[in-house]
Amino acid sequence: MSIIRFIKDWTLPVSMGMGSILYLLFAYTPALDGAAVFFAPIFDTILPLFMFLILFVTFCKVDFRKLRPVGWHLWIGLFQILFVAIIVGAIVVFDIQGKNLILLEAILTCIIGPCAAAAAVVTQKLGGNLEEMTSYTFISNFITAALIPVCFPMIDKAADMSFTAAFLKILYQVCIVLLVPMLLAYIVKHHMHRFHKTIIGIKDLSYYMWGISLMIVTGTTVKNICHANTSAGFILLIALLGLILCIIQFAVGRYVGHFFNRTVEAGQSLGQKNTAFAIWIAYAYLNPLSSVGPGCYILWQNIINSIEIWQKRKTDSRR
């Protein structure tokens, strides 16, 4: 029972540790080469399905009548735009090239990426407002969809894209990832009451599903880092900058949120990023090596999430 309790209390660190160990085990054990090749496409298929189910379960608990913009949404969105402007401005004004450009691109992808869809899961675990968090997730994706076609051609001339094409492509991703599970959740909540009651009756279901998906994502992240075509020192530098950026974004978000009594929600909104999306845009439009930035960022943001959940659990136990 103590092991089960430990896993429940430290789901996110356990998931990240298991994902790392399993990848290294399969990657560096010759006898498991066949199994690694067999499971790789399965995991690639399972991960989007898990994310879909996580959001579906989360949205089943949403009061759809309360989905609307609020004051802190504006300020968090403005800070995201400001941070992007600072990085892009530095690249353009100082004509940064080479490894320094890769470093700034790695940081940029962690800033310009939208709020993670699963941030609502962690926010709910921390006792935050699920509806306000869900609303900002949509707003954040629209901000990202508008920023990428404007900023990327300025810093990488090879990133040849039209605003309309890039905007619509990102909106398509948003529809698949967010709107479809939300629509299904709305149907289940209002027309399939028994099934809906069963889903919301399973405590922390979406959180533990997120833990399983995090294990897969962490394994993929370790794989990308191990196969990065650069020195270990440069990877460590990217990881360190990702850690600093992660702390800054969470801190700024929580600072903005305290003016609205929404420190948890605002902190998660600015700090917890859709790193899978960030990795994709790095590969698609920038130097592929910059994808190591969001790859490391996912580890840092979930360590912070784990600390926040531990503090929340500790506070609740005192009460």
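Whatever comes next refers back to the structure up there.
An account of the accompanying structure is given in this report. (Residues numbered from 1 in each chain as written. Predicted model: local features only at pLDDT ≥ 70, side-chain atom pairs only at ≥ 80, totals over all residues. Heavy atoms only, no water.)

Remarks on the overall build of the protein
Cut-off, in case you're wondering: Here a strand is any run of E in DSSP of at least two residues, a helix any run of H or I of at least four, and the numbering for each starts at the N terminus. The globule rule used here is 2.2 Å times the number of residues to the 0.38 power, and the radius of gyration it is set against is calculated over C-alpha atoms. Only protein chains enter the accessibility calculation, which uses a 1.4 Å probe; a residue is then buried when its area is under 20% of its type maximum, exposed when over 50%, and partly exposed in between.
Secondary structure summary: the protein contains 14 helices and 0 strands in total. Tracing the protein from N to C terminus, the helices and strands come up as α-α-α-α-α-α-α-α-α-α-α-α-α-α. Whereas a compact globule of 319 residues would reach a radius of gyration of roughly 20 Å, the protein reaches 20 Å, a difference of no more than 12%. Expressed as a percentage of the 319 residues in the protein, the buried residues total 48%.

Some details on the nonpolar core
Within soluble globular proteins, side chains that are nonpolar generally end up buried alongside one another. We apply this condition: Note on terminology: a nonpolar core comprises buried Ala, Val, Leu, Ile, Met, Phe, Trp, Tyr and Cys residues joined through side-chain atoms within 4.5 Å.
Counting residues in hydrophobic clusters, the biggest one holds 74 residues, and the most contacted among them are V84, L108, I112, F152 and W210. Per-element tally for this core: the top contributor is helix α7 (residues 130–155), with 11 residues. Grouped together as the second largest cluster of nonpolar side chains are 11 residues, I102, A106, I235 and L289 included.

Points about the pattern of salt bridges
Two side chains with opposite charge may pair up if their charged atoms get near one another. The criterion, for reference: Note on definitions: salt bridges are taken to be side-chain nitrogens of Lys or Arg within 4 Å of carboxyl oxygens of Asp or Glu.
Within the structure shown, the criterion is met by 5 salt bridges. In this structure, the salt-bridge partner of R262 is E265, at a minimum N-O distance of 3.8 Å. A relative accessible area of 22% means that R262 is categorised as partly exposed. Given a relative accessible area of 5%, E265 falls into the buried group. Overlapping salt bridges bring together E132, R262 and E265 as one network.

Remarks on the state of the cysteines
How we decide: Only a pair of cysteine sulfur atoms within 2.5 Å counts as a disulfide in this structure description.
Throughout the structure, instances matching the rule amount to 0 disulfides. As a non-bridged cysteine, C246 has C110 as the owner of its nearest cysteine sulfur, 8.5 Å distant.

Things to note about a nonpolar patch on the surface
This is how the line gets drawn: Patches in this entry comprise residues that are over 30% relatively accessible and not in a salt bridge; like charges within 9 Å are linked, as are nonpolar side chains (Val, Leu, Ile, Met, Phe, Trp, Tyr) within 5 Å. Working definition of accessibility: Shrake-Rupley area with a 1.4 Å probe, residue cover restricted to the visible protein chains.
Taken together, the side chains of Y172, I176, V177, V180, L183, L184, Y186, I187, M192 and F195 make up a nonpolar region of the molecular surface, amounting to roughly 870 Å² of accessible area. Here V180 lies in helix α8 (residues 163–191).

Topic: the packing of helix α2 (residues 11–27) against helix α10 (residues 205–226)
Put simply, the rule is: Axis lines are fitted to C-alpha atoms, over the contacting stretch for helices. Their N-to-C directions set the angle, which ranges from 0 to 180 degrees. Angles below 35 degrees are treated as roughly parallel, those above 145 as roughly antiparallel, those between 65 and 115 as roughly perpendicular, and all remaining angles as oblique. Crossings are classed by handedness, with left-handed meaning an anticlockwise turn of the near helix from the far one by less than a right angle and right-handed meaning a clockwise turn. The contact criterion used throughout is that any non-hydrogen atoms of two residues lie within 4.5 Å.
Viewed as axis vectors pointing N to C, α2 and α10 meet at an angle of 40°, and their least axial separation amounts to 7 Å. Classed by the angle they form, the pair α2 and α10 counts as oblique. Both α2 and α10 take part in a crossing whose hand is right-handed. Residues T11, L12, S15, M16, M18, G19, S20, L22, Y23 and L24 of α2 touch α10, and the partners they reach there are Y207, Y208, W210, G211, I212, L214, M215, T218, G219, V222, K223 and C226.

So, the packing of helix α13 (residues 275–285) against helix α14 (residues 292–318)
Where α13 meets α14, the closest approach of the two axes is 9 Å, and the angle between their N-to-C directions is 170°. Considered as vectors, α13 and α14 are oriented roughly antiparallel to each other. The handedness of the crossing between α13 and α14 comes out as right-handed. Together, T275, A278 and I279 of α13 and P294, G295, Y297, I298 and Q301 of α14 make up the contact between the two elements.

A closer look at the environment of V252
Residue position: V252 is located in helix α11 (residues 232–258). Through-space distance from the C-alpha of V252 to that of S206 is 27 Å; in sequence the pair is 46 residues apart. Ignoring sequence-local partners within four residues, the contact set of V252 consists of F79, F83 and L270.

A look at the environment of R318
Mapping R318 onto the fold places it in helix α14. Classification of R318 by relative accessible area gives exposed; the value is 66%. Measuring from C-alpha to C-alpha, the distance between R318 and A119 comes to 26 Å, with 199 residues separating the pair along the chain.

Some thoughts on the packing of aromatic side chains
Rule in force here: Each Phe, Tyr or Trp ring, with Trp reduced to its six-membered ring, pairs with another whose centre is within 6.5 Å; inter-plane angles below 30 degrees give stacked pairs, above 60 give edge-to-face pairs, and intermediate values give tilted ones.
Evaluation of the coordinates by the stated rule reveals 5 aromatic pairs. Seen from their ring centres, W72 and Y136 are 5.8 Å apart, and the 35° between their planes marks the pair as tilted. Highlighted residues: W72 in helix α4 (residues 71–93) and Y136 in helix α7, separated in sequence by 64 residues. Centre to centre, the rings of F79 and F83 are 6.1 Å apart; their planes meet at 55°, and the pair counts as tilted. Taken as a pair, F79 and F83 lie in helix α4 at a separation of 4 residues, close to a single helical turn. F83 sits in the buried class, given a relative accessible area of 15%.

Thoughts on the side chain of H73
When you line up the elements, H73 lands in helix α4. Accessibility expressed as a relative area gives 3% for H73, which makes it buried. Apart from residues lying up to four places away in sequence, H73 is in contact with R68, E132, S135, Y136 and I139.

Interpretation note: all reported values are geometric properties and have no functional meaning in isolation.
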